[in-house]
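As a plain string of letters, each chain reads:
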Amino acid sequence: MNLYSGHMNKLIDELASLPGIGNKSAQNLAFHLINMPKDRVNRLANVMMETREKICYCKECCTLTDKELCPVCANEKRNHGVIMVVEDSRDMAAYEKTGKFEGVYHVLQGAISPMMGIGPSEIRLKELLQRLQGDVEEVIIATNSNLEGESTAMYISKLIKPTGIKVTRIATGVPVGGDLEYIDEVTLTRALDGRVEL
Ligand code: ZN
C-alpha cells in the first residue's frame, strides 16, 4: 500500500509483516508510534535491539535466555534428574507458571513435521540425548497434542526406550491441537500428575 509518505509506508509494511498483525493493525500501530514521545520510541527500539542481540540458548536446556545457563538450569534446588521435554520456551513458561514442577526442562525449539520439512535433526534432539548420558531418572514428554507434537513424542520415546530411562507422556487432558501456552494452570498440573509411562 502506498497511501502515506515513504517512511510511514515502510513502517506500516514492516509492522504488517509481523505474525498476527494485519494491514489495519499495522496502520494503527504506526500512527500510535509516530504520536508517541521520541524518547519512548527510542526506548522501545533499544529494548528490541538489545533483546535480539543478547538472547541466546541455554547451554543445558536450549531455552531462550541471556546467560550461559537459564535460571531453572542454574537452580540447584531443582531436580535435575527429571527432564520435561517441551516444544518452545513459551511452553516452559506455561509450566513454570504452575509452580508445580520441580524438575528441569529441555526445549526442542520446534517439533518434527514432515509436512513443513522439519526433521529430527532440525530440532534440539541431539542436545537432549547428550543430557541423557548423565544421571536422569525420567523424561516427561510434554509436546503439544497436535499431529506434530504426537509424532515428536513417539519419535523421542523410541529413541530413549533402549536406554532404560523412564519415559512418560503428559495426560491427554490437554485439548487436541492446543498449544500448551494457552492452557490454564489447573489443566497443565492435572496433565502432569496424570502422566503415563510410554
Ligand atoms: Zn536451561
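Residues numbered from 1 in each chain as written. Predicted model: local features only at pLDDT ≥ 70, side-chain atom pairs only at ≥ 80, totals over all residues. Heavy atoms only, no water.

*Asks:* Where do I start with the overall build of the protein in this structure?
*Replies:* Each helix and strand in the protein was counted, giving eight helices and seven strands. The principal-axis extents of the C-alpha atoms in the protein amount to approximately 65 × 35 × 35 Å. Across the protein, contacts joining residues at least 24 apart in sequence account for 55% of those joining residues at least 6 apart. Within the structure as shown, the protein displays about 12200 Å² of accessible surface, and the carbon and sulfur contribution to it stands at 54%. In the protein, the 23 positive side-chain charges and the 27 negative ones have mean positions that sit 3 Å from each other. (Helix = DSSP H or I, 4+ residues; strand = E, 2+ residues; numbered from the N terminus. Contact = heavy atoms within 4.5 Å. Areas by Shrake-Rupley, 256 points an atom, 1.4 Å probe, with all protein chains shown as cover. Lys, Arg positive; Asp, Glu negative; His and termini not counted. Charge placed at Lys NZ, Arg CZ, Asp CG, Glu CD.)

*Asks:* What is the right way to look at the sheet that holds strand β3 (residues 79-86) in this model?
*Replies:* Remark on secondary structure: sheet strands pair via backbone hydrogen bonds, oriented parallel or antiparallel. Read across the open sheet, the five strands follow the order β4-β3-β5-β6-β7; overall the sheet is mixed. Here the strands that pair on one side only, and so sit at the sheet edges, are β4 (103-107) and β7 (196-197). Bridge analysis of strand β5 (residues 138-141) against strand β6 (residues 166-169) gives four bridges, and the strand direction is parallel. Among the inter-strand pairings, glutamate 138 is bridged to a residue of β6, identified as lysine 166. Sheet contacts for helix α7 (residues 147-160): β3, β5 and β6; angle to β6, the most-contacted strand, approximately 170 degrees. (Pairing = 2+ DSSP bridges. Axes fitted to C-alpha atoms, helices over the stretch in contact; angles between N-to-C directions.)

*Asks:* How should the nonpolar core be read in this particular structure?
*Replies:* Note on soluble globular proteins: their nonpolar side chains tend to be buried together. If you look at the biggest cluster of nonpolar residues, it comprises 38 residues, and the most contacted ones within it are Met84, Tyr95, Val139, Ile156 and Ile160. When residues in this core are grouped by element, the largest group, five residues, is from β3. For valine 139, the residues in contact, after removing those within four places along its chain, are Ile83, Val85, Leu132, Ile160, Ile165, Lys166, Val167 and Thr168. By size, the runner-up hydrophobic cluster in this structure holds seven residues, among which are Met8, Ile12, Ala26 and Met36. (Core = buried A, V, L, I, M, F, W, Y, C linked by side-chain atoms within 4.5 Å. Buried < 20%, exposed > 50% of the residue type's maximum accessible area, 1.4 Å probe, protein only.)

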